[in-house]
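The lines below spell out each chain.
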Amino acid sequence: MICRCSQLLEQLHSGSFLLSVYSSVLPQTLWLLHPMESMLNLTLVLLVMWTLAGAQENIFWEVQRYDGWYNNLLHHSRGSVGASLLRLLPANYADGVYQALQEPHVPNARQLSDAVARGPAGLPSRRNTTVLGVFFGFHVLSEILEAEKPGCPAEFLNIRIPTGDPVFDPASTGDVILPFQRIQWALETGQSPNNPREQINEVTSWLDGSSIYGPSHSWSDSLRSFSGGKLACGPNERFPRETDGRIPMWKALDPSTGKGGPQGIYDLGSAWGNENPFLQAESIVWFRYHNHWATRLSKEHPTWSDEDLFQHARKWVIATFQSIVLYEWLPALLGRGVPAYAGYQQHMDSSLSTEFVAAASLFLASMVPPGVYKRGPMCQFQPDPALRLCNNYWSRKSTRLQHAEDVDNLLLGMSSQIAEQEDNIVVEDLQDYWYGPLKYTRTDYVASWLQRGRDLGLPTYNQAREQFGLKPLQTWTDLAPHSGQEVLKQVADLYANDITRLELLPGGMLEANMSLFSGIILDQFVRLRDGDRFWFENTRNGLFTEEETQNIRNTTFHDVLVAVTYANSTDIQSKVFVWSEGDPCPQPWQLTTQNLTNCTRMTVLDYFEGSGAGFGIIIIVLCCLPLVSLFVAWIVAVLRKRDFKKLQKQRDPSVRREVTSDTAHAMEWHGPKIDSSPVWIQLQPDKVLKVLDSRWSVLRSISLKTQQRVEVILSTNKGNRALLLKSPKEYDLVLLFSEEAERSNFIGKLRDYLKKSNLDLHVSETKEQSLLKQAVTQEQRKKILETFFRHLFAQVLDIDRSDAGELNFESSQKAKESLTCELSRAEFAESLGLKAHSMFVESMFLLADKDGNGYISFREFLDILVIFMKGSPEEKSKVMFRMYDIDENGFLSKEEFLRMLRSFIEISNNCLSRDQAEQVTESMFQASGFQDRAELTWEDFHYMLRDHDSELRLTQLCIKGVPDVFKKNIQNRVSFIKKDEPKGKISDREEGPNLETVAQYMEQEGQEVRKRLGRKGNHYQVHVYTEAQRKKYQRNKVQQKIQEFKRFIENYRRHIVCVVLFSAITAGLFVERAYYYAFASPLTGIAQTTFVGIIISRGSAACISFMYSYILLTMCRNLITVLRETFLNRYIPFDAAVDFHRWIAMAALIFSVLHTAGHVVNVYIFSVSPLSVLSCLFSSVFMNDGSQLPQKYYWWFFQTIPGMTGVLLLVILAVMYVFATHHFRHVSFQGFWISHHLYVLLYVLIIIHGSYALIQQPRFHIFFIIPALIYGADKLLSLSRKKVEIGVVKAELLPSGVTHLQFQRPHDFDYKSGQWVRIACVDLGTTEYHPFTLTSAPHEDTLSLHIRAVGPWTTRLRELYSPESLAIIGKLPKLYLDGPFGEGHQEWNKFEVSVLVGGGIGVTPFASILKDLVFKSSFSSKLLCKKIYFIWVTRTQRQFEWLADIIREVEEADQNSLVSVHIYITQLAEKFDLRTTMLYICERHFQKVLNRSLFTGLRSITHFGRPPFLPFFTSLQEVHPEVQKIGVFSCGPLGMTKSVEKACQQVNKKDQAYFVHHYENF
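All of these numbers come straight from a predicted model, not from anything done at the bench.

**Q** Please provide a residue-by-residue account of the packing of aromatic side chains, values included.
**A** Summed over all chains, the structure comprises 70 aromatic pairs. With a centroid separation of 4.9 Å and an interplanar angle of 50 degrees, the aromatic rings of Phe136 and Phe577 are classed as tilted. Here Phe577 lies in the loop between helix H20 (557-564) and helix H21 (612-651) and Phe136 lies in helix H6 (residues 131-144), a separation of 441 residues in the sequence. Each member of the pair Phe136 and Phe577 is classed as buried. Taken together through their ring pairs, the aromatic side chains of Phe136, Trp286, Tyr289, Phe321, Trp329, Phe356, Phe525, Phe557 and Phe577 make up a single cluster. Positioned over the ring face of Trp185 is Arg197, at 3.6 Å from the centre of the ring. Taking NZ or CZ as reference, Arg224 lies 4.0 Å from the ring centre of Phe310, over its face.

**Q** Summarise the sheet that holds strand E18 (residues 1288-1294); cite the residues concerned and give the values.
**A** Spatial strand order, E18-E19-E22: 3 strands in an open sheet with antiparallel pairing. What marks the edges here is a single partner per strand, and that holds for E18 and strand E22 (1342-1348). On average, each strand axis in the sheet is tilted by 15 degrees relative to the strand beside it, whichever way the strands run. Two elements, E18 and strand E19 (residues 1298-1304), share 6 bridges in a ladder whose sense is antiparallel. Along E19, the bridge assignment pairs Glu1292 with His1300.

**Q** I'd like a rundown of a nonpolar patch on the surface, residues and numbers included.
**A** A contiguous nonpolar patch, built from Tyr1194, Phe1198, Ile1201, Met1204, Val1240, Leu1241, Val1244, Ile1248 and Tyr1252 and spanning about 750 Å² of accessible area, is present on the exposed surface. Looking at the nonpolar patch, the elements with two or more residues in it are helix H44 (1193-1198), helix H45 (1201-1219) and helix H48 (1239-1251). With 4 residues, the single largest contributor to the nonpolar patch is H48. For Met1204, the location among the structural elements is in helix H45.

**Q** I'd like a description of the pattern of salt bridges, backed by residues and values.
**A** All chains considered together, the criterion is met by 37 salt bridges. The partner of Asp455 in a salt bridge is Arg182, with the nearest N and O atoms 2.7 Å apart. In this pair, Asp455 is assigned in helix H14 (residues 445-456) and Arg182 in the loop between strand E2 (177-178) and helix H7 (210-213), connecting sequence segments 273 residues apart. Here the two residues Asp455 and Arg182 agree in accessibility, since each one is buried. Taken together, the shared-partner salt bridges in this structure form one network comprising Arg110, Asp114, Arg118, Asp165, Asp432 and Asp444.

**Q** A description of empty space enclosed by the protein should follow, citing residues and the corresponding values.
**A** Tallying each qualifying case throughout the model produces 11 cavities of 30 Å³ or more. In this structure, the largest cavity spans a volume of roughly 880 Å³. For the largest cavity, the lining is made up of 40 residues, of which Glu148, Trp272, Glu275, Trp434 and Tyr435 are closest to its centre. Of all the secondary-structure elements, those providing two or more residues to the lining of the largest cavity are H6, helix H11 (354-365), strand E5 (434-435) and H14. Ranked by residues supplied to the lining of the largest cavity, first place goes to H14 with 4 residues. Taken together, the residues of the lining of the largest cavity sort by class into 23 nonpolar, 12 polar and 5 charged. Along the walls of the second largest cavity sit 14 residues, with Trp61, Gln64, Lys315, Ile318 and Leu543 positioned nearest its centre. Looking at side-chain class alone, the lining of the second largest cavity contains 8 nonpolar, 3 polar and 3 charged residues.

Conventions adopted
- Residues numbered from 1 in each chain as written.
- Predicted model: local features only at pLDDT ≥ 70, side-chain atom pairs only at ≥ 80, totals over all residues.
- Heavy atoms only, no water.
- Phe/Tyr/Trp six-rings, centres within 6.5 Å; stacked < 30°, edge-to-face > 60°.
- Helix = DSSP H or I, 4+ residues; strand = E, 2+ residues; numbered from the N terminus.
- Buried < 20%, exposed > 50% of the residue type's maximum accessible area, 1.4 Å probe, protein only.
- Lys NZ or Arg CZ within 6 Å of the ring centre and 35° of its normal.
- Pairing = 2+ DSSP bridges.
- Axes fitted to C-alpha atoms, helices over the stretch in contact; angles between N-to-C directions.
- Patch = residues over 30% accessible without salt bridge, like charges linked within 9 Å, V, L, I, M, F, W, Y side chains within 5 Å.
- Areas by Shrake-Rupley, 256 points an atom, 1.4 Å probe, with all protein chains shown as cover.
- Salt bridge = Lys/Arg side-chain N within 4 Å of Asp/Glu carboxyl O.
- 1 Å grid on protein atoms, 1.4 Å probe; cavity = no way out; pocket = protein on both sides within 12 Å on 5 of 7 lines; lining within 4 Å.
- Points joined across faces, edges and corners; volume = space filled by probe spheres on them.
- Nonpolar A, V, L, I, M, F, W, Y, C, P; charged D, E, K, R; others polar.

What follows is the structure, given as structure tokens:
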């Protein structure tokens, strides 16, 4: 409708309202089909008609449209802008549809051009046609033809230049190819042989003054001044206005200077009117002539409006132009008359033919001279050289055409100059130096038109002759008898001597009289005249009277020139298109190239010149965005750690002691690559120097008791700051003082201190560099001790000495000293992982230090280690007896036995009180029958350990830092405690704890566990189940792998299906978009321009749109919580939502990088692609104005909406992904929380990024709307809960930094055990929400959380609820609650057997589950779950004593033995360590006597070390053979959940009951 209204407006504006109605704008049927639309059209017409009535009151004829429409009332679009060219003969395409003929089917265009058109210039026209007539002809072509604009998508028929071409390939490279683009065509054509490609004419084909007024109404309005009916002029009224961009004038680069831009380009009716000064002058003539008529009419009719004057002037100018073209110029050009006008012929098809387009161009080109004269009115030809054609294409601000007189002189010169002869020869200005396409500044005009003929699908030469009534030629000599035989021979050779293959254009050029070209041209203009309804001689159009028509016929171009130039009538001949003898001002001589300046040679433009460095920097910057984000995250992490440390100091402020006179401050130097640290040196009265840190903690103690002389070395460098205190048998102390005075003060204090202690001080000096080189650093000492232990274990275990690091003669002196070095008590304690002052270290050290010098030598350490590594149980018990026989009387008193027991308990943070230890001692004495004895002999002591030979045999000293090569000989395994352990598990022949021994021991342990667990399992009634099909586990590796693969598929089929389905959709989207843009995209040509870049960028864009949209669903926690209770949970692993979120995020990141890489490729290609190509790809952004220069790379990055938003998206992604990594999420949850909320900006930018529709219409919304609505609803639900304040009922600070919060349960708050919530506390000054698992059970009236203070937020929360803070606040701060949310732990009751594994604070969900289980079982409710194994892994039982209380409640309420609890204390040494073995013995005894754990007070079994998940899971398969699936639920540190997952994967390889693992990490 809008289109129709615009047409009506233009027709009404031109006075053709009745015609509009007649021409079916408002057809009768329209009223029936669209009455409202038709009424609107009519109303609009009447309104505009009323408003414009006064402006056109003196126009009584139908004003011709500017765009050529409705000239023919039967065929409305005939001859209009955008009409197709006419084919007089069938298209001659290679495929009959659109593919142009190319080599080898036709000759090379450049070679054919050289053969046909090469020749000397300077031969005058046979008919004395003037140069003015030639360029007038080009002006006429611009009036009716514009078919030079490249088509879309860009298609090329490039011209290969023969090797060694003197103009284009003087270096004989052989790789020069001149680009040639095919012109625009109608997109609906070129589909089949019945519908071959048809090219488009961009202007009207009528002689309607479109070269003067433009091809559209808007163009004409832009040319008008709207004053006096004139066309707008520039500062000089005799020149048009310079273009300002409102009119799409062609602005090709000047090939001689490389200049471009709008300067020197005038606004004319023809876009190509500024091609050269000569064509420009022709256009200026008609510009002036219109204004001449407007001035004349305004004088004759002073009352006329601007519109009246303009339309009357336009009518007369067009008529005059028509008359001159048909009756003056055309006869002069062709040398023959034009048939008389017989009146308008409505059925005449006056469309331009493809044959005419090419023939007229080459016909006129053969007559173009190499240069043009300028002369004055008195025949004075200007002395300066004539204007060289090749150097004046698209010239900007030519100094020779500055004034109106310059244009007049040029017109007069062209009227006197004889054109080149009408033959096949074309001057070099066209053949070699025509302005070039794309990056080449020059090209071959003739070769280009030969290619254009092939682009147009022109017929062969003989076919065209037949069409125009000429006899086809049979031989080459018939073609051009006037031409040299050499020319004919060259042409014949190029066509393989087959004249039937000769093309139209070369054949027409070689004709003697160009009869074929003349016939084509004449036919075209006669059809144009006869088929034009607005022809000035048509008496039925009402334009002119007979008298006016005759006056127009009598007006010549001579009259026009006289009217618009300063020349008199006698200064120029009457027939300006022909110069005859006797006419004024003959030319001095026929111009040749020798009389003119040389043409500037071809240059090749580099569109990317100067851009490489900047483009590379941008790519580097984009690649560094993650690094910058990483740096920012690192800074945030450092600041958060600093703040957290300050917070911890505030919580636990250290009491700083006053600095005494015996204390000095300095910086300790640790090594060349280690930062120095501030220390305080304290001189103790017992000959000990203590090194303290800033918190006054002891870092190191240096004993001077064994030294007679203390050696100190001072530096002599500038500043004298360094001091080295030698410490024999240990590493040295290097201090750096801030100034020499401080060092001197310390030396004085040290000298006085040593003097009081009867010790000597020896001070020497050296350079600071030498001092630091002499110092034995802590790192060097560690290396010495490492070698020490390597050789120690190598000798004990008989390991190859090369594995221990054999010391040869080339080893350094310090390394050789490693075997002679001695361990201090501190180093010995550190090797055992204990504190130096512990009782165990003291006892062991005194036993090993045989010489009593306060150090343990290699031999002394070896003696004690051999006993523990290879000794018998008797030998080990004897060593223990000697260790704790303090008075060495050969007896072990009860006090000494108690001391031994307490030394073992030290390693568990003194988890037993003295009373408990005494109770254990009395109990063990009584159990062995020694209750009446006060002392034990070694035999008694060994008898007390009689049941534990197996443990003692495996007992050893566990040394920290043992090399990996020895670990296979020191098995660090833990198992369950057994009440009845079978005897004789280990052969007496075994000498040490090798692998086989330990494996046998573990297998026996596992069997016992299965017996014990199986016995407990009989306490409940088992339903009849179908046993899992048993298959013998295959030994064959291939079959084993197949079986493992089957179990993997079975266990993770839901995950696999979801991942495969999502991946398939993603891959399908990528392939669909890639295929679409590679092969099926709209005809923009983008795939041909940047194939790889576009398929990568578009394919990845589709994947990104899909992934970034549906990733929202993984965060719909409320929805997931609901759906996990539905049947969908059987098909979708909702527990893996977070993992799936991470997986999608990583995949989306990969596709984002691919998308960016694709666009980087695109930007580079677009930056080197000419404007003619870019205008096809981005028609809404670029308009092809001939300038060819593309936008620079930075324009694409920073001056387009997709570019700017793309860069911002990369910045946001870099921030979000870096802060979302596990490390930074752990260090700064607030940084993660804030950065992840950038997702809102992310989606906004993605929408904006695609909305610009630079390449395709926006598609993101297709994927985004549904997930966004679901996520929005889920988020609104959470927000509705977040606004409700929850009152805290109870707050309790528990040990180990745990805060217990008990708060009100909101109305309708239904949850399941194992679920979690998110809480926020506004009193902390932030709205951060943090997730915590509920520790309350669903049946309880209140909700409870146990929150451990491990970060800034939880630490501040603990402080907020501390008694001190509550005393100030006066009330318990309220919370905001969001939830509950589901997770895998809530599905514990869906398995017959469930295993709960909690580590550290990760036990919180299981507290809720255990309480819920006992509650439900107490009511005899039907539970699918028949047995639960709870494994609690903790450093020490004191860390979470609150859980012990819950477990105690469970044990008391668990009447059916539903729950089996195992507690693992990991702070203790490894199982087969001496200390742990003794604790095992004590624990077993305590469990046996009192039926509760020595350490926890629970009936639950306590273990030491880390749980062996694999043996435990394997035993469950035997204990519960009827169960098909066992649920495993773990929560805790990442390392623990990984161990559980690994064990599940291992045990699931067997074809027995398999373990389904659900886990959460914190």
